[in-house]
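Report on the structure
Residue strings, one per chain:
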Amino acid sequence: MIQMYHVHMSYGPDNPALVDITLRVDKAEFVFITGPSGAGKTSLLRLLLLAERCESGQILVFGQNVARIKESQVPYIRRRIGVVFQDFKLLPTRTVQENVGVGLEVLGKPRRETAKKSMEALRLVGLEHKANSYPLRLSGGEQQRVAIARAIANDPPILLADEPTGNLDPVLSREIYDLLTEVNARGASVVVATHDIGWVGRTQKRVIRVERGRVVSGGIREN
Amino acid sequence: MVRMFYFLRRALSDIGRSPVVAGVTVGTVAVVFLIMGVFALVGHNLELLTHRVGSGLKLSVFLQDDCSAKQRETVQKLLKASAAVERVHFVDREEAASRFRQRFSRQANVLDELDENPLPESFEVTFTPAGQHPKTIGALSQKVVNSPGVEEVLYGQAWLDRFFRFVQTIRLLGLVVGALIFLAALLIVANTIRLSVYARQDDIHILKLVGATEGFIKAPFYIEGVLLGLLGASLGIALTWIAFALLVPEILIPGWLEETRLTVAFLPFEMIAWMVGTGAFLGVLGTMSSLWRHLKI
Ligand SMILES: Nc1ncnc2c1ncn2[C@@H]1O[C@H](COP(=O)(O)OP(=O)(O)O)[C@@H](O)[C@H]1O
Ligand SMILES: [Mg+2]
């Protein structure tokens, strides 16, 4: 589903962020990307989202080499990748349901269909009763669940999450991980970047360890 | 179609978010189109006047006494070659004399007292409706006056030229003023779109993340710009009409226009359509320049 071969990326000439990254995430797999702050986890996810471009190497997403893809093709890749951030990135002036529907809006779907699908996604995260609330009236955990609903509303084959529990306490974090696990169980590949190693250790998921821009372990599944 | 409504809704919500800004923009654009409209109105009526002036015009080409038959033929061919010319009538000495007698019956015996008929031969040229323009007639006269055998060409050029220069000046002034205020309107529209873009920064960011194309993000701003331009232009044209209806009978008619029995016309449909189109174009151009500077995708 996701493959990276010898990928290099930098922010400016003397500021390499990722060095010779090789890794692979299979269909319906759940992997963590861990490493200290500044290791390059966010940069890696931004590469997959095509928000950044790599200098060299190959990046295959859905079997397509996106490393050299045309800018005009980027939106079509993004429509098949859900994404969740530490700071939720919800629009405060739109209701919860409208926030969830934003990814369906860009597909030009009729309003009724958008409303229906976003309600389904909200039900999955257990927040259908908050559909008409505004994000800022919700708790942090609820806001993140709305963000997850938005990310999965269009049933993307890949879900990326960057420090999804960074702003949440352990109990709420647990809820979010359960939710991500459920999304994974429904067939999506899930990639979670976090420096929260304590919790990751207790799961049975594969861990890709990144340090100073390099993959130090777990890049390829061993079995 | 679904998309069109979606874009329209977003554009309207942008306008609705800051109705004062939108109102001021439409108002400014309206004033610009009012000024353009007044210039167009003056220009249009001067054009009508020019045609009226031209419609009675005849060109008289007087030939020299020693003009040869060949020269005469050359002149006639030259006149007939012009598409603007309807008829070329040759007035020989006899006809000239009989006309003179008719016109000045009291002094008719003046001619009889002379041994020889002093009146010159001439060509009398009338023009097609499309050709009855002082400019066309002036150009033809310029061409003919230099042919061998031609003594003089008459069509009342002196005051026509002056009138013409006046019309040209008005038109040039209109063009310059129009261009300048169009630029001002462009800046206003661009600025309004810039405000909308800023207000939508977060939306745009999220839309990009979930896979919105560039066109999808930009389209509502174009619709907003076009709406502002169209509204402003329509309002401006309406103001022009009101100004026309209120002022023309009071100020213009009692003056010289009444004496010459000229009615002042409002802008014709094509001109109005042109102005509305210019309004839409203004919106597109303003949005384009604003997005180009303020929306990096
Ligand atoms: N936009 C940026 N411009 C310049 N340097 C950046 C930018 N984003 C991240 N970096 C640098 O790239 C490195 C990796 O950062 P990041 O991918 O955010 O790490 P992580 O998410 O693991 O904390 C860090 O050294 C960081 O300072
Ligand atoms: Mg990070």
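Remember, it's a predicted structure, so these values are computed and weren't measured experimentally.

1. Examining the sheet that holds strand 1 (residues 2-10) of chain A
All names here are of chain A. Strand order in the open sheet formed by four strands is 2-1-4-5, and the pairing between neighbours is antiparallel. Both edges of this open sheet fall to strand 2 (16-25) and strand 5 (64-65), since each of them pairs with a single strand only. Inspection of the sheet shows strand 1 paired to strand 2 by six bridges, in the antiparallel sense. In the strand pairing of strand 2, Gln-3 is matched with Arg-24. Across the sheet, helix 1 (residues 41-48) is in contact with strand 1, strand 2 and strand 4 (56-61); its angle to strand 1 comes to roughly 115 degrees.

2. Quick look at the site of ligand 1
All names here are of chain A. As a matter of local geometry, ligand 1 sits amid Tyr-11, Asn-15, Ala-17, Pro-36, Ser-37, Gly-38, Ala-39, Gly-40, Lys-41, Thr-42 and Ser-43. In this structure, Gly-40 approaches ligand 1 through a main-chain N or O atom, which is 2.9 Å from an oxygen atom. One of the backbone N or O atoms of Lys-41 is found 2.8 Å from an oxygen atom in ligand 1. If ligand 1 stood free it would expose 550 Å²; the protein chains cover 58% of that surface. Per-element accounting of the shell around ligand 1 gives the leading share, three residues, to helix 1.

3. Things to note about the interface of chain B and chain A
If you look at the interface, chain B gives 17 residues, while chain A gives 19 residues. Here chain B packs against chain A, burying approximately 1,600 Å² in sum over the two surfaces, 62% of which is carbon and sulfur. Looking only at chain B, the three residues that lose the most surface to chain A are Ile-206, Leu-209 and Val-210 of chain B, adding up to 33% of its buried area. Of the charged contacts, one joins Arg-94 of chain A and Asp-203 of chain B as a salt bridge, the two residues approaching to 2.8 Å between their closest N and O atoms. At the boundary of chain B with chain A, the tally comes to six residue pairs in polar contact (both at pLDDT 80 or more).

4. Quick look at the domain arrangement of chain B
Residues and elements named next belong to chain B. Domain assignment breaks chain B into domain 1 (2-53 + 161-294) and domain 2 (58-154). Listed as interface residues are five residues of domain 1 and, on the opposing side, four residues of domain 2. Interface area for domain 1 against domain 2, summed over the two sides, is near 450 Å², with a carbon-plus-sulfur share of 63%. It is Thr-50, His-51 and Phe-164 that lose the most area in domain 1 upon contact with domain 2, and together they represent 76% of the buried surface on that side. At the boundary of domain 1 and domain 2, one finds zero salt bridges. Between the two partners, domain 1 and domain 2, sit zero residue pairs in polar contact (both at pLDDT 80 or more). Among the secondary structure elements, those contributing two or more residues to the side of domain 1 that touches domain 2 are helix 2 (19-55) and helix 7 (157-199). By residue number, the principal contributor to the side of domain 1 that touches domain 2 is helix 2, which donates three residues. A per-class count over the side of domain 1 that touches domain 2 returns one nonpolar, three polar and one charged.

5. Notes on the pairing of strand 6 (residues 81-84) of chain A
The two faces of a sheet get side chains in turn, since along a regular strand they alternate between them. All names here are of chain A. Neither face of strand 6 is left uncovered, since the one carrying Ile-81 and Val-83 and the one carrying Gly-82 and Val-84 both have all their residues buried. Here strand 6 pairs with strand 7 (residues 158-162) via four bridges, running parallel. Directly across from Val-83, in strand 7, lies its bridge partner Leu-160.

6. Observations concerning empty space enclosed by the protein
Under the criterion given, the structure shown has one cavity of 30 Å³ or more. As a volume, the largest cavity reaches approximately 150 Å³. Taken together, 14 residues line the largest cavity, and the ones lying closest to its centre are Ile-81, Gly-82, Arg-150 and Ala-151 of chain A together with Val-210 of chain B. At the level of elements, strand 6 and helix 5 (140-152) of chain A together with helix 8 (201-209) of chain B are the ones that each hand at least two residues to the lining of the largest cavity. Considering each element in turn, the lining of the largest cavity owes the most residues, three residues, to strand 6 of chain A. Grouping the amino acids of the lining of the largest cavity by side-chain chemistry returns eight nonpolar, three polar and three charged.

7. Some details on a nonpolar patch on the surface
All names here are of chain B. Side chains of Leu-235, Leu-239, Trp-241, Ile-242, Leu-246 and Leu-247 sit close together on the surface and give an oily, nonpolar patch of about 560 Å² of accessible area. Locating Leu-247 in the fold gives a position in helix 9 (residues 214-259). According to the relative accessible area criterion, Leu-247 is partly exposed, its value standing at 45%.

8. Considering the pattern of salt bridges
For side chains bearing opposite charge, pairing can occur when the charged atoms are close. For the structure shown, the criterion picks out 21 salt bridges over all chains. Close ionic contact of Glu-71 of chain A with Arg-53 of chain A constitutes a salt bridge, the shortest N to O distance being 3.5 Å. Residue Glu-71 of chain A is found in the loop between strand 5 and helix 2 (74-78), and its partner Arg-53 of chain A is found in the loop between helix 1 and strand 4; the two are separated by 18 residues along the sequence. Given the relative accessible area of 27%, Arg-53 of chain A is considered partly exposed. Glu-121 of chain B serves as the salt-bridge partner of Arg-72 of chain B, at 3.9 Å between the closest nitrogen and oxygen. Taken together, the positions of Arg-72 of chain B in helix 3 (residues 69-81) and Glu-121 of chain B in the loop between helix 5 (109-113) and strand 3 (122-127) put the pair 49 residues apart, joining distant regions of the chain. Overall, the relative accessible area of 30% leaves Arg-72 of chain B in the partly exposed class. Here the salt bridges do not stand alone but share partners, grouping Arg-94 and Glu-105 of chain A together with Asp-14, Arg-17, Arg-200 and Asp-203 of chain B into one network.

9. Let's talk about the nonpolar core
All names here are of chain B. If you look at the biggest cluster of nonpolar residues, it comprises 39 residues, and the most contacted ones within it are Phe-33 and Leu-282. Going through the elements one at a time, helix 1 (2-17), helix 2, helix 7, helix 8, helix 9 and helix 10 (269-294) are the ones with two or more residues in this core. If you tally residues by element for this core, the top one is helix 9, at nine residues. Those residues in contact with Leu-282, other than ones at most four positions away along the chain, are Val-29, Phe-33, Phe-182, Ala-185, Leu-186 and Val-189.

About the thresholds
- Residues numbered from 1 in each chain as written.
- Chains lettered and ligands numbered in written order.
- Predicted model: local features only at pLDDT ≥ 70, side-chain atom pairs only at ≥ 80, totals over all residues.
- Heavy atoms only, no water.
- Pairing = 2+ DSSP bridges.
- Helix = DSSP H or I, 4+ residues; strand = E, 2+ residues; numbered from the N terminus.
- Contact = heavy atoms within 4.5 Å.
- Axes fitted to C-alpha atoms, helices over the stretch in contact; angles between N-to-C directions.
- Near = heavy atom within 4 Å.
- Polar contact = N/O pair within 3.5 Å; in protein donor to acceptor, adjacent residues only side chain to side chain.
- Areas by Shrake-Rupley, 256 points an atom, 1.4 Å probe, with all protein chains shown as cover.
- Buried area = accessible area lost by both parts, 1.4 Å probe.
- Salt bridge = Lys/Arg side-chain N within 4 Å of Asp/Glu carboxyl O.
- Domains from an automatic or database assignment.
- Nonpolar A, V, L, I, M, F, W, Y, C, P; charged D, E, K, R; others polar.
- Buried < 20%, exposed > 50% of the residue type's maximum accessible area, 1.4 Å probe, protein only.
- 1 Å grid on protein atoms, 1.4 Å probe; cavity = no way out; pocket = protein on both sides within 12 Å on 5 of 7 lines; lining within 4 Å.
- Points joined across faces, edges and corners; volume = space filled by probe spheres on them.
- Patch = residues over 30% accessible without salt bridge, like charges linked within 9 Å, V, L, I, M, F, W, Y side chains within 5 Å.
- Core = buried A, V, L, I, M, F, W, Y, C linked by side-chain atoms within 4.5 Å.

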